[in-house]
Amino acid sequence: MIEGAVLSNRVMGSPSYPTAPDEVRARAARAFDRAYDPAGFARQLQACLTTPDRTEALRRLDVPALVVHGAADPLIGVSGGRATAAAIPGSDLLVIDGVGHELPEAVWPAVLDRIAELVLGAEPWRSVG
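Residues numbered from 1 in each chain as written. Predicted model: local features only at pLDDT ≥ 70, side-chain atom pairs only at ≥ 80, totals over all residues. Heavy atoms only, no water.

Would you mind going over the packing of aromatic side chains in detail, with residue names and values included?
Here the structure, examined in full by the defined rule, presents one aromatic pair. Residues F32 and Y36 carry aromatic rings whose centres are separated by 4.5 Å and whose planes lie at 35° to one another, so their mutual orientation is tilted. (Phe/Tyr/Trp six-rings, centres within 6.5 Å; stacked < 30°, edge-to-face > 60°.)

Encoded structure:
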C-alpha cells in the first residue's frame, strides 16, 4: 500500500512541487495506521463512475465558492475545474500552474489567501458598523 502511494504520487503528483518519496511513504503510513479500508477505494471509484451530472444542481447554489484546480492534474483535467466554476453562479476559479491531483504545501499560502478573500467578502457583519 505504501509503495503504491509512491507510484500514484509519481503519476498524479505536482510536477512543479514534487514530494520526496520518503515523505509520501510517511504520509501513506500515517493514513494506513489511521484507517486502512481497501473497500473504500472501490466505493470511491464506483461513486465517481455512477454519479449523475451535477451541473444543474451547481447552478442552483447561492453561496460564495472558490474552485481550486491544478493545471497539471492528470486525473481530472483543468476543463473540469473550469466547468465547475462556470456552473456555480458568481464563483471564483483558481488554477494553479504545476499542481497535479493534490494540494502541495508550497501553494497553501496562495490558496489560503484566496479563501480568506472569499470569506471576508461574504461576511454580512463586514458591512455593519
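Give a detailed account of the pattern of salt bridges, specifying residues and quantitative values.
Applying the stated rule across the entire model yields six salt bridges. Ionic pairing is found between R25 and E3, a salt bridge with its closest N-O pair at 2.7 Å. With a gap of 22 residues between them, R25 in helix α2 (residues 21-35) and E3 in helix α1 (residues 2-12) connect regions that are remote in the sequence. With a relative accessible area of 27%, R25 lands in the partly exposed category. Classification of E3 by relative accessible area gives partly exposed; the value is 44%. Measuring nitrogen to oxygen at the nearest pair gives 3.8 Å for the salt bridge that ties E23 to R30. The class of E23 is partly exposed, set by a relative accessible area of 32%. Take R30: its relative accessible area is 48%, and that puts it in the partly exposed class. (Salt bridge = Lys/Arg side-chain N within 4 Å of Asp/Glu carboxyl O. Helix = DSSP H or I, 4+ residues; strand = E, 2+ residues; numbered from the N terminus. Buried < 20%, exposed > 50% of the residue type's maximum accessible area, 1.4 Å probe, protein only.)

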